[in-house]
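Letter by letter, the chains look like this.
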Amino acid sequence: MIPAVFEYERAGFVDEAVELLGRDEEAKLLAGGHSLIPAMRLRFSRPSLLVDIGRLDDLRYVREHGDRIAIGALTRHADLVGDAMLREHCALIGEAAALIGDPQVRHRGTIGGSVAHGDPASDLGTILLTLDAEFVARGPGGERAIGAGAFFTGPFETALEHQEVLTEIRVPKTAGTYLKHVRRAHDWATVGAAAARVDGRVHVGLTSMGPTSLRARTVEDALADGATPADAAAHVAEDAMPPTDASASSEYRLHLAQVLVRRALERM
Amino acid sequence: MTSVALTVNGSRCEADVEPRQLLVYFLRDRLGLKGTNVGCDTTSCGACTVLVDDESVKSCTVFAVQADGSEVTTVEGLARGDALHPVQQAFHEQHALQCGYCTPGFVLATVSLLKENPNPSETEIREGLEGNLCRCTGYHNIVKAVQAAARAGA
Amino acid sequence: MENLSLEGALTVTFVRSLLAHANIVDVDATAAEALPNVQVMTAADLDLGVFGPGFPDVNPSMGRPLLVVDRVRFVGDIIAIVISDDSATGADAAELVYVDYDQLPAVVSPHESAKDEALLFPEAGTNVATRAGSPEHDENLFDGCDVVVSGTFVSQRMAPCPLEARSAAAELGPDGRITAWLSTQTPHQDRTALAETLGLDPAQIRVVGLDVGGGFGAKTLNVEEVLVVWLARRLGRPVRWTETRSESMTALPHGRAASLEYTIGGTRDGKVLAYRLEVLQDCGAYASVGAVLPGLTGLMASGVYAIPRIEFESRSVVTNTTPVSAFRGAGRPEASQAIERAIDTFAAELGMDPAEVRRRNFIPTNAFPYTTASHAAYDSGDYEGALELALRSVGYDALRDEQRQRRERAATTQLGIGISCYVEITNGIAEIEFGEVEITRDGGAIVRTGSFSHGQGHETTFAMIAAERLGLPVEKVTVHKGDTDEVARGTGTYGSKSTQIGGAAARLAADDVLEVAKQLVGDYLEASPADIVLDPALGRLHVAGAHSLGISWADLALRASADGRLAELRAEHEFQAAAPTFPFGAHVAVVEVDTETGRVELRRLVAVDDAGTLINPLIAQGQVHGGIAAGVAQALYEDFVYDDDGNPLTGTFVGYAFPSSADLPSWEAVEMETPTPLNVLGAKGIGESGTIGATPAVHNAVVDALAPLGVRNVDLPANGENVWRALRKAKA
């Protein structure tokens, strides 16, 4: 299938992308394109202007930022998988990135593109939410940081304004686990469950269990009150609104989430 | 129309393209490199796999304009004269293809895999080729071919 | 196919129904035709009748209109044709063809369809396309049985998924003949069907099958190809069409889609006395090949067992879904899946090892030829030998020990071992195939075959067959196929019949050429042709007992060419076997099942497949490997599903769970050769055996893993969700 007609501009720097986005209400940013182009090919998505930021190599990095790790928005999944600093300080991200799609997808797909797409089935979205990551965006009014809790606003919707470009993601140095159940190795998560220790508390996140990546706050509260992993995991139903689709029913997803959350917590 | 300049199989080419032209159709229709096949429309099957700057990429999910300035290798660019690339040779010898439609994609995915991991285990090979689908071989001989290519130092 | 260059060709894009069942009120192509060089055609422009069903016993009113006239019957039905300069414009224009639908209730479930409440073809008065077997129940069928058990399952709908979707192109020549390039398995049959549908003399049509990227039973002539050829004639311009994958997922016929209900009865010591099988076949929206496949299921109902009494009944009904046709196995997998589940259910009821129950019921090796109670006449077999070889290869006893240990410690991940012993029918209607061998000017040979190859390797296998008979190196023999102008006749490739009839025809033609060559050599050497013999090692014909008095193929060709007699070194042969052949085998699958998530991992699959004499073991094994993968795909992964309104939910490779290498293990294929007496090669078919054997082995393994938890059956595909449902049901 061939996408509908669109105009194409390549941005040489972030502020140029911000300006280009301002030209057209139906404009979209193109990073690795591995969420957007498939949607355009099936004509589910039909932007009239694509602003290509794929060449902004200065947004491709992993580095220390105070007590956090800063990841450039255009860092590819393949870069995350092999990154030594992440392996040392936040191994969860590289481990989860290795589970995304397939090698070809990981060679092109970027962390920023993945989360900005707002897909409730995004592994990295769930992990960044679980880690309470900070999202740095630049727009016409300058730069702002958005907390993970406010970032994912709905299915395929985020807090990013039309003219804002996601530039950096900051995560804490911590350990965690991500378990992903798939029908096939390269599939989107039927269910994913993340657990990580953040600021002295265990956070739990869920993939494909609602309109966005979710935090299982009832589970977290139960844990904080001393519940066992199994007892805490039993609360998943209170935190999730799992969909039914071709890969699983809502009720099976709920069951899976309980099992995966319990297993993730047992590994903490 | 947007102009692009890229190197394909070592030859530089410049062209004006419609932005919506996918790299695979640019290679097939503009450059006549018909070895790269299209097997799906959802970035699933990997039949269109090529190397962009030495890494495997699904050319159905890259616009030609995005490849501007890149080096692209298709299956036509692997052999040296009459000598097949070691990965091609291994696929041939191990009977790793039947209808052959998925083969160029598998060969290029293998070249990229072996570059990143020259001595993969069977599990690493199977996972490393998870982005390529084959309906004929049941993958058995493809895995054997990758093992043979690795042994041959491809 | 897409690589064919065709100067000035127009592109065809089909406008397909977005609804499963609706009356068409209006089609407005104004906006589409406003695009540059775009033309839109509908049924009103068409002067052709209905395509199919093509089988005498199938309700004739359930054929498919080439273009929908007033009612769409599945998502994907063709409403209009867009003709444009290129495919991008075609896609743009197709979106701009506005269709006004009056939606009708969709009939998606075959069980609902069978009630005949909402009819797809009101004029037919029923949704039943055809029936097979007998609706009469013998009340005494299970007399004398100590144990009678039953079960039901669905052999789910599968999409064939050749990696190359379909493609077709056609051009009208200056001589008024039309050439059609098709992505097909059956060029000659396509020519015949095109001629019939278009009202032409077959001599006016040339069909060329180029390199075809897989078929698996689905790539036979369909409405799209007919329309492409019709358009080329109508427009007087070359036209071409290439299917997109998401189009192919609903437009290319599906396979399986059969609901099965079995009852099996026997004695406490494990002897099966009676078996009853009922099939409800979903034909999809129009009745074609799928409607008659249950006939094969009934024929093969007995499997490898000597069962004294068998009853079979099937109904085939239409639904508002993609039409069903052949897919790798076509009717026989359903038979194996049913009898092998039945045997395991029977064994579980008796508390007997499933291998032992099989041993007690096999048709004995000395009983062939053997006719079953379901009326199949098996040529040759050694079913017990195949099972014992498979059990030895897999290390059956050690696996049962490992299983026992896991069960004793109530491990979360349980081990399951599944057995399937199968027999299948190939060359099912004992067809005729054409072969021709011609010696070329350089002393090599050309084999022309009416069979077709789209990955099966006939180019190698048939060359080997001819080379061996002629004493030529295999690289001196080339195989030509697929062009109806070059190959006089043919039936094509399906039903695992190529080598046994096409290969045999090539061999017999090679023998004929050798006889002609002896005449010629006799003339040249002034000897009697009867005294001329071939030295196969040297590729040289000489006078018997006088090696020095001889001539090589190369010299013979040169001399015959100089004398204008080269054309004599050519022979045609048509071969028809007296009956079908029955390959068989035994598969053993080993699975691990996570009893919490339901996740199944196939650890091993040992496959003993006996297809008679193997010509090229490497190619034959390749067929087995691919066959097994398709069988495992049905057992564990794939399922084409619709919602209640008939919308496909698995219409892309994202939704449809076609497994990759990471989802499957390597296969342990073990060869066994029991030649058939029915052809000179001793060969049976091999292309579908792996598929037929693998699904029940894996299915049985999953149920076996969960047996201690009270599970008696798991729906196919036995994926995480279906395993979890089975566990939940067992607990309830």
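Rules behind the numbers
Each residue is numbered by its place in its chain's sequence as written, counting from 1. Going through the entries in the order they are written, you letter the chains from A and number the ligands from 1. Local features in this predicted model are restricted to residues of pLDDT 70 or higher, and side-chain atom pairs are both shown and tallied only at a pLDDT of 80 or more, whereas totals for entire chains, interfaces and linings draw on every residue. Side-chain metrics in this entry use all non-hydrogen atoms of the structure; hydrogen atoms and water are not considered. Runs of E in the DSSP output that reach at least two residues are strands. Runs of H or I that reach at least four are helices, and both are numbered from the N terminus. Two things to know: the radius of gyration comes from C-alpha atoms, and the globule rule equals 2.2 Å times the number of residues to the power 0.38. Remark: exposure states derive from per-residue accessible area (1.4 Å probe, protein chains only) relative to the maximum for the residue type, with buried under 20%, exposed over 50%, and partly exposed in between. When charges are counted, neither His nor the chain ends are considered; positive counts come from Lys and Arg and negative counts from Asp and Glu. Positions of charges follow a simple convention, taking NZ of Lys, CZ of Arg, CG of Asp or CD of Glu. The aromatic pairing rule takes the rings of Phe, Tyr and Trp, using the six-membered ring of Trp, and pairs them if the centres are within 6.5 Å, calling planes under 30 degrees apart stacked, those over 60 edge-to-face and the rest tilted. Lines fitted to the C-alpha atoms define the axes, with helices restricted to the stretch that makes contact. Angles between their N-to-C directions range from 0 to 180 degrees. Angle categories: roughly parallel below 35 degrees, roughly antiparallel above 145, roughly perpendicular from 65 to 115, and oblique for all the rest. Helix crossings get a hand from a simple test, with the near helix turned counterclockwise from the far one by less than a right angle marking a left-handed crossing and a clockwise turn marking a right-handed one. We call two residues in contact whenever any of their non-hydrogen atoms come within 4.5 Å of each other. Each residue is assigned to one of three groups, with Ala, Val, Leu, Ile, Met, Phe, Trp, Tyr, Cys and Pro labelled nonpolar, Asp, Glu, Lys and Arg labelled charged, and all others, Gly among them, labelled polar.

1. Topic: the overall build of chain A
Per the secondary structure count, chain A includes 13 helices and 14 strands. Radius of gyration (C-alpha) of chain A: 18 Å, near the 18 Å computed for a compact globule of 268 residues. Based on the C-alpha atoms only, the size of chain A along its principal axes is roughly 55 × 45 × 30 Å. For chain A, with 268 residues in total, the buried portion stands at 60%. The centroid of the 29 positive side-chain charges in chain A is displaced by 6 Å from the centroid of its 38 negative side-chain charges.

2. Structural notes on the packing of aromatic side chains
Residue and element names in this part refer to chain C. Inspection of the entire model under this criterion finds 17 aromatic pairs over all chains. Ring geometry for Phe121 against Tyr286: centres 5.8 Å apart, planes inclined by 65°, an arrangement best described as edge-to-face. Of this pair, Phe121 sits in the loop between helix H3 (110-114) and strand E9 (128-133) while Tyr286 is found in the loop between strand E16 (272-284) and helix H7 (289-292), placing the two residues 165 residues apart along the sequence. Residue class for Phe121 comes out buried when judged on its relative accessible area of 2%. When the ring of Phe368 is compared with that of Tyr383, the centres are 5.4 Å apart and the planes differ by 90°; the resulting orientation is edge-to-face. A residue pair is termed long-range when its members are at least 10 positions apart, and Phe368 in the loop between helix H10 (354-359) and strand E18 (370-371) and Tyr383 in helix H11 (residues 383-394) qualify at 15 residues. A single burial state applies to Phe368 and to Tyr383, both of which are buried. Three or more aromatic residues joined by ring pairs form one cluster here, namely Phe368, Tyr378, Tyr383, Phe582 and Phe584.

3. Concerning the packing of helix H3 (residues 103-116) of chain B against helix H5 (residues 140-151) of chain B
All names here are of chain B. Packing of H3 against H5 brings their axes to within 11 Å, and their N-to-C directions diverge by 45°. It follows from the interaxial angle that H3 and H5 lie oblique. Read as a crossing pair, H3 and H5 show a hand that is right-handed. When H3 is examined against H5, the residues Phe106, Thr110, Leu113 and Leu114 are found in contact with a partner set consisting of Ile142, Val146, Ala149 and Ala150. Its residues placed into classes, the contact of H3 with H5 shows seven nonpolar, one polar and no charged.

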